[in-house]
Amino acid sequence: MTDQRTAYRTCPLCEATCGVALTIDNEAVKVIRGDRDNPFSRGFICPKGSTLGRLRDDPDRLRRPMVRRKDVHEEVSWDEALAEIDRRLWPIRDVHGPNAIAIYVGNPNAHSFQNSFALKPLMKALGTRNIFSASTVDQMPRQVACAFLFGGGLTTPVPDLDRTDHLVILGANPYESNGSLATAPDWPGRLEAIRERGGKVVVVDPRRTKTAANADEHVPIRPGTDAALLVAMIAVLFEEDLVDLGGLADHVAGVDEVAAATVPYTPERVEAWTGVPAATIRRMARELAAADSACVYGRIGTHTVAFGTHAAWAADVLNTLTANLDRPGGAMFASPLQERAAKTPRAFAPGRWTSRVRGWGEVFGELPVATLSDEILTEGDGQIRALITVAGNPVLTTPDAGRLDEAVGGLEFMVSVDPYLNETTRHADVVLPPPPALEKSHYDLAFTVLSVRNYAMYSPPVFPLADGSMSEFDILVKLTGMALGLGVDADPAVLFAASLAQQVAATVADPSSPIHGRGPAEILELLGEWAGPEQALDLAIRTGRHGDGFGVDPDGWTLRKVADHEHGVDLGPLVPRIPDILTTPSGMVELAPDFIVTDLPRLEAAMGETNGHLLLVSRRELRSNNSWLHNVDVLVKGKHRCTLEIHPDDAARLGLADGDTSVVSSRVGKVEIPVSITDTIRPGVVCIPYGWGHDAPGTRLSVASRRPGTNTNLLTDADCIDPLSGNAVLNGIPVNVAPA
Ligand SMILES: Nc1nc2c(c(=O)[nH]1)N[C@H]1C(S)=C(S)[C@@H](COP(=O)(O)OP(=O)(O)OC[C@H]3O[C@@H](n4cnc5c(=O)[nH]c(N)nc54)[C@H](O)[C@@H]3O)O[C@H]1N2
Ligand SMILES: Nc1nc2c(c(=O)[nH]1)N[C@H]1C(S)=C(S)[C@@H](COP(=O)(O)OP(=O)(O)OC[C@H]3O[C@@H](n4cnc5c(=O)[nH]c(N)nc54)[C@H](O)[C@@H]3O)O[C@H]1N2
Ligand code: SF4
Ligand SMILES: [Mo]
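Since we're looking at a predicted model, the values are computed, not measured. (Residues numbered from 1 in each chain as written. Chains lettered and ligands numbered in written order. Predicted model: local features only at pLDDT ≥ 70, side-chain atom pairs only at ≥ 80, totals over all residues. Heavy atoms only, no water.)

With respect to the overall build of the chain
Each helix and strand in the chain was counted, giving 26 helices and 30 strands. Relative to the compact-globule value of 27 Å for 740 residues, the chain shows a C-alpha radius of gyration of 25 Å, a close match. The long-range fraction of contacts in the chain, counting pairs at least 24 apart against all pairs at least 6 apart in sequence, stands at 73%. About 26600 Å² of surface is accessible on the chain, with carbon and sulfur atoms providing 51% of the total. Averaging the locations of the 69 positively and 94 negatively charged side chains of the chain gives two centres separated by 3 Å. (Helix = DSSP H or I, 4+ residues; strand = E, 2+ residues; numbered from the N terminus. Rg over C-alpha atoms; globule rule 2.2 N^0.38 Å. Contact = heavy atoms within 4.5 Å. Areas by Shrake-Rupley, 256 points an atom, 1.4 Å probe, with all protein chains shown as cover. Lys, Arg positive; Asp, Glu negative; His and termini not counted. Charge placed at Lys NZ, Arg CZ, Asp CG, Glu CD.)

Quick word on the site of ligand 2
The immediate surroundings of ligand 2 are formed by 31 residues, with Asp205, Gly224, Asp226, Ser624 and Asn626 found nearest. Residue Arg620 places a side-chain N or O atom 2.9 Å away from a nitrogen atom belonging to ligand 2. Taken by itself ligand 2 offers 920 Å² of open surface, and the protein chains cover 98% of this. Those elements that provide at least two residues to the shell around ligand 2 are α6 (174-177), α13 (300-303) and β23 (614-619). In terms of residue class, the shell around ligand 2 is made up of nine nonpolar, 13 polar and nine charged. (Near = heavy atom within 4 Å. Polar contact = N/O pair within 3.5 Å; in protein donor to acceptor, adjacent residues only side chain to side chain. Nonpolar A, V, L, I, M, F, W, Y, C, P; charged D, E, K, R; others polar.)

Observations regarding the sheet that holds strand β6 (residues 101-105)
If you walk across this open sheet you meet the seven strands as β5-β4-β17-β16-β15-β6-β7, and the pairing is mixed. Each having just a single partner strand, β5 (72-75) and β7 (131-133) make up the two edges of the open sheet. Taking each pair of neighbouring strands and ignoring which way they run, the sheet shows an average axis angle of 20°. Bridge count for strand β16 (residues 413-417) against strand β17 (residues 430-432) is three bridges, and the pairing is parallel. Residue pairing for β17: Val417 is matched across the bridge by Leu432. Contacts from helix α2 (residues 78-88) reach β4 (66-69), β16 and β17, with the element oriented near 130° to β17. (Pairing = 2+ DSSP bridges. Axes fitted to C-alpha atoms, helices over the stretch in contact; angles between N-to-C directions.)

Focus: the environment of Ala228
Secondary-structure assignment places Ala228 in helix α9 (residues 226-239). In this structure, the C-alpha to C-alpha distance between Ala228 and Glu240, residues twelve residues apart in sequence, is 18 Å.

As for the domain arrangement of the chain
Partitioning the chain into structural domains gives domain 1 (1-57), domain 2 (160-336) and domain 3 (607-739). For domain 2 and domain 3, the distance between their C-alpha centroids amounts to 27 Å. Contact with domain 2, which involves 25 residues of that partner, is made by 28 residues of domain 3. Together domain 2 and domain 3 conceal approximately 2100 Å² of surface at their shared face, both sides included; 57% is due to carbon and sulfur atoms. Two residues, Glu645 and Arg207, come together in a salt bridge whose shortest N-O distance is 3.5 Å. Seen at the junction of domain 2 and domain 3, the total is nine residue pairs in polar contact (both at pLDDT 80 or more). Those elements that place two or more of their residues in the side of domain 2 that touches domain 3 are α6, α11 (267-274), α13 and α14 (308-321). (Domains from an automatic or database assignment. Buried area = accessible area lost by both parts, 1.4 Å probe. Salt bridge = Lys/Arg side-chain N within 4 Å of Asp/Glu carboxyl O.)

Digging into the environment of Asp316
Of note, Asp316 is situated in helix α14. In this structure Asp316 comes out as buried when scored by relative accessible area, which is 1%. Distance in space between the C-alpha atoms of Asp316 and Tyr297 is 8.3 Å, their sequence separation being 19 residues. Excluding its chain neighbours within four sequence positions, the residues that come into contact with Asp316 are Arg142, Cys146, Leu149, Phe150 and Pro157. (Buried < 20%, exposed > 50% of the residue type's maximum accessible area, 1.4 Å probe, protein only.)

So this is what it looks like as structure tokens:
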């Protein structure tokens, strides 16, 4: 007799948010398929999604807390681990002040509503300004640009993929990544559909990626120069009188300022630097203006460069000036259920404080992670002496990783909330392991904001918490209580109940809230249907713009109603949101923010620079996920993927044959890596996938360490950031390549 059941949930691994169907046999995962009844993903799944069971079963995954004693990690009880933190962490703060403790939060937090709710209070309780995250090696330029243009860092338009006639993709490879800052299961299928309905897809990338090979046109650009290309396209729109604001004329400010600021950047001026012929740039601008609907979409390759904020800004300026902002087939805003009913206008002002060593400005309350090692290694008042990492692996994922590895290794104390002993967490004095994804509930707080269709799905845990484990929410709430001085014994449920009560009190006191003036006790009682972080989620949905307002609108949404749709619920195509969604002080789209426009001359200055170096870029592959899926055998077997891609002409000049080992060196580091010669890469550019380099001692990654690959961030330079966003430069790194 077998006890079989099917469970449905969202895959939490990448931004695509595919629905998966798990066949469970005697409480073991038999098979994971794409959920054909999921209205958003309709059965699509990638090879990573089918490994969620293996991740749970991975013998290397930590089940119990670890404490490091004499360089060896030993399993201990939760009480012992927490006592160790209590004994060693807070005295550092007592002696050196709150900034002596830093926190780094990594990418998987964006996929966890529990962590999203728990991290803010933890950071507040720590009281430190040394807050770092993966955002400054990722999308921070886009958030800065959107905060100026539209008022909010997450007021981010996405390409209306399913209706557009013309899509220009820059620096993204969704055939491998499945998209980013534009949530859509099956990006490849949706791109092919554009072409099938007679539309055009253009890909701007120094490599002829799978996405480029499947597009109508590939524009092989020089790394780091997309901002110039896009600004030149803007200049063409003005020069050729192609500007059209469509229905937004009354809601857009700053058009004349953009016209004036972009005059110097003619296609002919930027041609040599970008490597894109002026005629191509002019045609791209004309085609964008002529298309029935169109969208310019830039991602990682355009953001993790020195002009990332300019590129992000210019893309949305192009969308606005071609009447493609906020209209079907263009760049549109999602309407997530949890979005607050009323938004408060606020002027965005980054740089309210600066980092101690380099004086780099804060952005949305965090500092550039590129300067984390400076803050650890540089002595003086405010030096970082202890670090907490939550779901991050900065030793593989941030620039000048060799220096960071050394810095982190010398900390007085370190705590990691992480399921693996990896390149970063091996340095932790205490590792607190969260349960695996299948033992957690799921709702996409972040990715429903970035979704190309309005959609919601709540999935309960597939399995109960394993014996002897602690939920990640409880781990984080517990740490928060400890940081507040409440000791190791404080019950996380009690701590959370107090914070929920505060949140409810604030909501009923808020005149713009749909429950303004209601009794907090009544609301808390209605939330009693759920426990823990689900209560915060239910509160957000019910007081959101589509919520039931706790009975005010019986047809409105509640978490229960979402949960009743076990395959997820389609809430329709994106709808126009301007002006309601705008929270700039003027209430307009601010097309020419001073902060960005006055920095354009830096771009002009850079255009003069060329050097004889090869330029290093990164790539992603379908079977990897940042730095942490290389311990799953089915995802790493086969031909080794961590190679240096180089053009045949460059290889011949350097005397390299396919499969040879090369030495790649930059200002900060040197690595050895096998070569793959390919004409899919632009001459003068070389490429290494990122997230590899699993050969550090003291890790527990038995599969990954067998074929460790090379950490490309040993070569990226922490001196180089986009000064407007604090984002690291991870693409276009000058390197020398030679035979080993
Ligand atoms: N050269 C180069 N560098 C890059 C990039 C690039 O393109 N090129 N890309 C950048 C980008 S876009 C990003 S997002 C960053 C990512 O940078 P990070 O966020 O630092 O790295 P990840 O590999 O996502 O690390 C995830 C960590 O979380 C742990 N983890 C997995 N699941 C959970 C969980 O449920 N709970 C907890 N607590 N931990 C969990 C994993 O074991 C791992 O240690 O890297 C950036 N770095
Ligand atoms: N399979 C898989 N999926 C993932 C991830 C993963 O690691 N693996 N990571 C997830 C995360 S955290 C993120 S942020 C997203 C990222 O998703 P994407 O933004 O699609 O990232 P990549 O696939 O790295 O594609 C970036 C492309 O930019 C190109 N490029 C490099 N420099 C430049 C440049 O200067 N200009 C231009 N135009 N192009 C350039 C590179 O050649 C590469 O093809 O993917 C997510 N999905
Ligand atoms: S594309 Fe992303 S969300 Fe979909 S199955 Fe693969 S990893 Fe999961
Ligand atoms: Mo990312």
